There are 2 protein chains.
Amino acid sequence: MRKSIAIDMDQVLADFVGKAVKAMNERLNLGMTREEFFKTSIQKLHPEHMNEFISMMNEPDFFRDLELLDPNSVEVIKELNETYDIYIATAAMHVPGSFLAKYDWLREHFPFLNTNYFIFCGDKKVVKADYLIDDSVGQLKSFTGQGILFDQPNNASVTEYPRVKNWQEVLEYFQQLAVVK
Amino acid sequence: MRKSIAIDMDQVLADFVGKAVKAMNERLNLGMTREEFFKTSIQKLHPEHMNEFISMMNEPDFFRDLELLDPNSVEVIKELNETYDIYIATAAMHVPGSFLAKYDWLREHFPFLNTNYFIFCGDKKVVKADYLIDDSVGQLKSFTGQGILFDQPNNASVTEYPRVKNWQEVLEYFQQLAVVK
């Protein structure tokens, strides 16, 4: 039976932070840097703007035009898709206004993926897959299969999971597994 | 550890068929009955109207005002929620326009449920739960935990799964399990 790899969206496939920082700066003239956003949270940096931040994320188009975090992800996932069932597992329930934009974004950038394997959820303990690639340590802890940590500034100190820095390293991780088998 | 029950939406919690038949009849003057809809498919009954049917389901509000299939589901799920983790697992990916309406519908009728346990998916083999209550035999076959068939006219001949006819029977099924333990 084919094994399955679940893949997170924000900060693994899509550059959510890039758009969030740019849009918040444009709208509210905050002069916030990407590094500041990662080091702390909007809640701590700009508690007075939390409502705008949440409203902005729930705008129907906000997630529609995020940049690919690593354009190489397209080719790597296409290749992994030959051997594994590829699931996309995104914690979308805290931003219910984002559902359709996320779906359309996936269809645009990864048209070869099976939409029956898209999972919009909250806590990823509900996802049944062999692997999960995620930048969130909390989600990897919840998940019951093998977690793979996608490197981002806010998870730099985590050591419990194999770490991948980009999509080339994801490919190498699974190539290595195939050799070990 | 608490066990988990995943629950399907359409024809288990929400009366999708009731609205679909009424709306198609109103819009296209089809005079279709609920029984006809169940016995066959729109594709066979009215292939000439498949496009309208799909467009209608993708209207942002279509799923927002479905009736509860069995109003008793609210009290039963509230009670089960004391002992089990309750997940809502709906195959929404073939109707991506329905996401937000389905979310809002759940929040209205089951405000006590944890939204982190809502799962909008396609194939329910991606759902990790101990039980799944569903009217679709295909989904119960895909699911890897214990399936429970929610009785509907189109699954009347199925014998592979425990069958529940309404939400009182769902409650009794789990009460019986507790006694057996």
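Predicted model only: the values in this text are computed from it and were never measured.

Calculation rules
Residues numbered from 1 in each chain as written. Chains lettered and ligands numbered in written order. Predicted model: local features only at pLDDT ≥ 70, side-chain atom pairs only at ≥ 80, totals over all residues. Heavy atoms only, no water. Phe/Tyr/Trp six-rings, centres within 6.5 Å; stacked < 30°, edge-to-face > 60°. Helix = DSSP H or I, 4+ residues; strand = E, 2+ residues; numbered from the N terminus. Buried < 20%, exposed > 50% of the residue type's maximum accessible area, 1.4 Å probe, protein only. Lys NZ or Arg CZ within 6 Å of the ring centre and 35° of its normal. Contact = heavy atoms within 4.5 Å. Buried area = accessible area lost by both parts, 1.4 Å probe. Salt bridge = Lys/Arg side-chain N within 4 Å of Asp/Glu carboxyl O. Polar contact = N/O pair within 3.5 Å; in protein donor to acceptor, adjacent residues only side chain to side chain. Nonpolar A, V, L, I, M, F, W, Y, C, P; charged D, E, K, R; others polar. Disulfide = S-S within 2.5 Å. Expected span 1.5 Å × (residues − 1). Arc of directions from axis to C-beta.

Engineer: I'd like a description of the packing of aromatic side chains, backed by residues and values.
Structural biologist: In total, this model carries 35 aromatic pairs over all chains according to the counting rule given. Centroid distance F16 of chain B to F63 of chain B: 5.5 Å. Interplanar angle 5°. Geometry classified as stacked. Note that F16 of chain B is positioned in helix α1 (residues 16-28) and F63 of chain B in the loop between α4 (50-57) and α5 (73-80), a separation of 47 residues in sequence. Note on accessibility: F16 of chain B and F63 of chain B belong to one class, buried. Through a chain of ring-to-ring contacts, the aromatic side chains of F99, Y103, F118 and F120 of chain A together with F99, Y103, F118 and F120 of chain B assemble into a single cluster. For K19 of chain A, the ring lying beneath its charged end belongs to F62 of chain A, and the centroid distance is 4.5 Å.

Engineer: Mind laying out the interface of chain A and chain B, listing which residues take part and the relevant values?
Structural biologist: Taken together, the contacts link 22 residues of chain A with 22 residues of chain B. Between chain A and chain B, roughly 2,000 Å² of surface is buried when both sides are summed, and carbon and sulfur atoms account for 66% of that area. Its largest share of buried area at the contact with chain B, chain A owes to M93, V126 and K128 of chain A, together 30% of the area lost on that side. The interface formed by chain A and chain B includes two salt bridges. The salt bridge partner of K125 of chain B is D85 of chain A, with a shortest N-O separation of 3.3 Å. Taken together, chain A and chain B are joined by 11 residue pairs in polar contact (both at pLDDT 80 or more). Looking at the side of chain A that touches chain B, the elements with two or more residues in it are β2 (85-91), α6 (99-109) and β3 (118-121) of chain A. A total of four residues in the side of chain A that touches chain B trace back to one element, the largest contributor, which is β3 of chain A. Taken together, the residues that form the side of chain A that touches chain B break down as 13 nonpolar, five polar and four charged.

Engineer: Before we move on, can you summarise the state of the cysteines with the specific residues and values?
Structural biologist: By the definition in use, this model includes zero disulfides over all chains. Not engaged in a disulfide, the cysteine C121 of chain A finds its nearest cysteine sulfur in C121 of chain B; these two sulfurs lie 9.7 Å apart. Residue C121 of chain A is classed as buried on the basis of its relative accessible area of 0%.

Engineer: An account of helix α8 (residues 167-180) of chain B is needed here, citing residue identities and associated values.
Structural biologist: All names here are of chain B. Across its 14 residues, α8 extends 20 Å between first and last C-alpha, which sits within 8% of the 20 Å expected from 1.5 Å per residue. The set of residues buried in α8 consists of W167, V170, L171 and F174. Seen end-on, α8 carries its buried residues on one side only, within an arc spanning 100°. Turned more than 90 degrees away from the buried face of α8, the exposed residues are V179 and V180. For α8, the secondary structure elements touched by its buried residues are β1 (4-7), α5, β4 (131-134), β5 (146-150) and β6 (163-164). The backbone nitrogen of Q168 lies 3.0 Å from a side-chain oxygen of the residue at the head of α8, namely N166.

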